[in-house]
Structure formats: structure tokens, C-alpha cells
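A look at the structure
One letter stands for each residue in the lines below.
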Amino acid sequence: MFLAEAGKNLKVPQLTIATATVFYNRFFVVQSLKHHDHMIIASSAMFLACKVEETPRNLIDVIKVTYTLQFRNNPDKLKLLSNKEVFHSRMDAVLFGERVLLHVLAFDLDIEHPYIYLVQGRKKLPVGFPETEGLKLLQCAWNIVNDSLKMSTVCLEQTPRDVGAAAFLLACKWTNLLPRLGSDSGAGFFRQIFRVSMTHIENLSRSMLELYAGAKEQGGEGTGTMQPLEKGTVEADYRVRGDALGTGGFEQDQKASIKDPLDLGHLEDGELPG
């Protein structure tokens, strides 16, 4: 996925990548791909997410990384980035895209992610639960959430709590640790700790599992549920916030439209392309 690769190259934590992904998906819920260059919006979403999650990156670096990823298979396009006029045109487009993105999102930038519920679930594991297995469980659930962001719009369709609980349940089954959560196969644990409906979480976890089957059929791959987490990814890099995600509506802007500046030419400040 473009945003995941861009975030990795920019060396930002997974939380920033997740926020950029949510911004991008929310934008295109109410905006058409016909009217906006999705690569420009993705670049703007990453730039904005870096600021929101307090992991700021220089705009020049964001431009270089995203442009290189977009045209990595087109050497002729890549060469154009060294052209000052082209570079500034791209920069103008990304900055304008950020303003349109803010407008469409109605400046609702406070995003809650499922990761917080994974951390809480691990902390509430039964007394005597082996530390190594608890970390293994968290690692698996964490990567399932990452894959769900890459391969679906579940972040828009479900609450962060439900996504986190479903990923934790799926990880428990994947690692064969579910029986250790109680004689009722963990039903009491999930109701008490996550405060969710087991029927809904079971159905959601099956839907998330189907993502892997679909990706395999298309020749794609997820992060791999047992891929090791990067050092410091869990509690250290995840700042728990006290306030919940607001669900305010998005104002659709039918006039503003973001296109590739290489096709449109120089985009002046405030000028609507097309």
C-alpha cells in the first residue's frame, strides 16, 4: 500500500500511517476519484497526519518520498522531480490538497485507533498468563489491525473498539491461546474487558479473516500476522488519548478538485484546477 510504504520511508510510526490512511479513506467517502488525484490526496494525508500525530516531517521530504514511490517504474517522470518548476508545482498541489482535505474532514482530526484496545487487552490478560505469549498475542493482533487498514475500509465501517476486539479475538484463535482466557472460550473476558457483543465480534473477525483469502487470490500479501513488531512500537509509540473520536459529518466540496500538477501545470495558491 502506498501510504504504508511512504510512512516506512519517512520513518514514521505505525500510528501516523494509520491516521493518514483514515484521513484518505474518509476523504474519498464523500469525494470522487474522478475529480481528485488520489496520489496527491494521499501525499497530503501523510503530510497532515505527520503533524497531527506529532511526528512532523519536512514537506520537501514528503514530496520526494511520495513522488518517487508514485513514479518508481517511470524513469522519465522521476527525472522531472529535479526540475525546480515541477517540484514547486507538486509542492503547491500537496499544500492545496491539505487545505481541501481539512475542509472535507471538517477539521475533525482527532482519530482514535484500535491499537489502544489491543494494549488494554494485553494488560488485562488473566493472572499467570506468560509474558512471552502475551507479547506474541499482541504482536499478532497488532499486525491484523495493520492489514485491515491496508486491505479494507473497516476503519470507516466499525468502531475502533470493535476492530480492536475482533483483531484480538482473531489473534487468540490464530495463536491457539483462546482456551487460556477461560472455560467459556474467552466470551466473559471479551464482554468484561472490551464491552462488546460476542456475536458481532465473531462475525467481524470472520470478515477480517476473509481479507487474507481475498489478498492471496489477488497475489497480494499482508504484513504477516507473526511478523515481529518494530522496537518501541507498542506502548512506547502509542500515546493514549483521553478523548474519544468525534463522528461529525464531512462537508462535501463539489468545486475544489486536486489533480496531478504535472498534467495541469503550475497550480497557483487558491486556484481551482480543471
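What you are looking at is a predicted structure, and each value in this text was computed from that prediction instead of being measured.

Here's the deal with the overall build of the protein
A count of helices and strands for the protein gives 13 helices and zero strands. Along the chain direction, N to C, the helices and strands of the protein fall in the order α-α-α-α-α-α-α-α-α-α-α-α-α. Looking at the protein as a whole, 50% of its 274 residues qualify as buried. Of the contacts made within the protein by residues no fewer than 6 positions apart, 79% connect residues no fewer than 24 positions apart. For the protein, the computed accessible surface area is about 13600 Å², with 51% contributed by carbon and sulfur atoms.

As for helix α6 (residues 84-104)
For α6, which comprises 21 residues, the first-to-last C-alpha distance of 30 Å matches the rise-based estimate of 30 Å (1.5 Å per residue) to within 8%. Taking the backbone nitrogen of E85 as reference, a side-chain oxygen 2.9 Å away marks N83 as the first, capping residue of α6. Remark: A106 follows α6 within two positions and exhibits a positive phi of approximately 55°.

Details of the packing of helix α4 (residues 59-70) against α6
At their nearest, the axes of α4 and α6 sit 10 Å apart, and the two run at 100° to each other. Here α4 is positioned roughly perpendicular relative to α6, judged by the angle of their axes. Facing L59, I60, I63, K64, T66, Y67 and Q70 of α4, the residues of α6 in contact are F87, R90, M91, V94 and L95. Within the contact of α4 with α6, the residues separate by chemical class into eight nonpolar, two polar and two charged.

Looking at the confidence of the model for the protein
Here the protein averages 79 in pLDDT, and 77% of its residues register 70 or above. For the protein, the element scoring lowest by mean pLDDT is helix α13 (residues 261-264), at 36; helix α3 (residues 38-52) scores highest, at 96.

Thoughts on the side chain of T55
By the secondary structure assignment, T55 is in the loop between α3 and α4. Assessed through its relative accessible area of 13%, T55 is described here as buried. Those residues in contact with T55 that sit more than four places away from it in its chain are V12, P13, T16 and C50.

Concerning the packing of helix α2 (residues 14-30) against α3
Between α2 and α3, the least distance of the axes is 8 Å, while the angle of their chain directions is 135°. Relative to α3, the element α2 lies oblique. The chirality of how α2 crosses α3 is right-handed. Contacts from T16, I17, T19, A20, F23, Y24, F27 and F28 in α2 reach H38, I41, A42, A45, M46, L48, A49, C50 and V52 in α3.

Remarks on the pattern of salt bridges
Taken as a whole and judged by the stated rule, the model has six salt bridges. Across the pair K51 and E98 runs a salt bridge, and its minimum N-O distance is 2.5 Å. Separated by 47 residues along the polypeptide, K51 in helix α3 and E98 in helix α6 bring together distant segments of the chain. The buried category is assigned to E98, whose relative accessible area is 8%. Where R206 meets E202, a salt bridge forms, and the shortest distance between an N and an O atom there is 3.9 Å. Of this pair, R206 and E202 both sit in helix α12 (residues 198-217), four residues apart, roughly one helical turn. According to the relative accessible area criterion, E202 is partly exposed, its value standing at 23%. Among the charged side chains, a salt-bridge network with shared partners connects K173, E202 and R206.

Each value, and the rule that gives it
- Residues numbered from 1 in each chain as written.
- Predicted model: local features only at pLDDT ≥ 70, side-chain atom pairs only at ≥ 80, totals over all residues.
- Heavy atoms only, no water.
- Helix = DSSP H or I, 4+ residues; strand = E, 2+ residues; numbered from the N terminus.
- Buried < 20%, exposed > 50% of the residue type's maximum accessible area, 1.4 Å probe, protein only.
- Contact = heavy atoms within 4.5 Å.
- Areas by Shrake-Rupley, 256 points an atom, 1.4 Å probe, with all protein chains shown as cover.
- Expected span 1.5 Å × (residues − 1).
- Polar contact = N/O pair within 3.5 Å; in protein donor to acceptor, adjacent residues only side chain to side chain.
- Axes fitted to C-alpha atoms, helices over the stretch in contact; angles between N-to-C directions.
- Parallel < 35°, antiparallel > 145°, perpendicular 65-115°, else oblique.
- Nonpolar A, V, L, I, M, F, W, Y, C, P; charged D, E, K, R; others polar.
- pLDDT = per-residue confidence, 0-100.
- Left-handed = near helix turned anticlockwise from the far one by under 90°.
- Salt bridge = Lys/Arg side-chain N within 4 Å of Asp/Glu carboxyl O.

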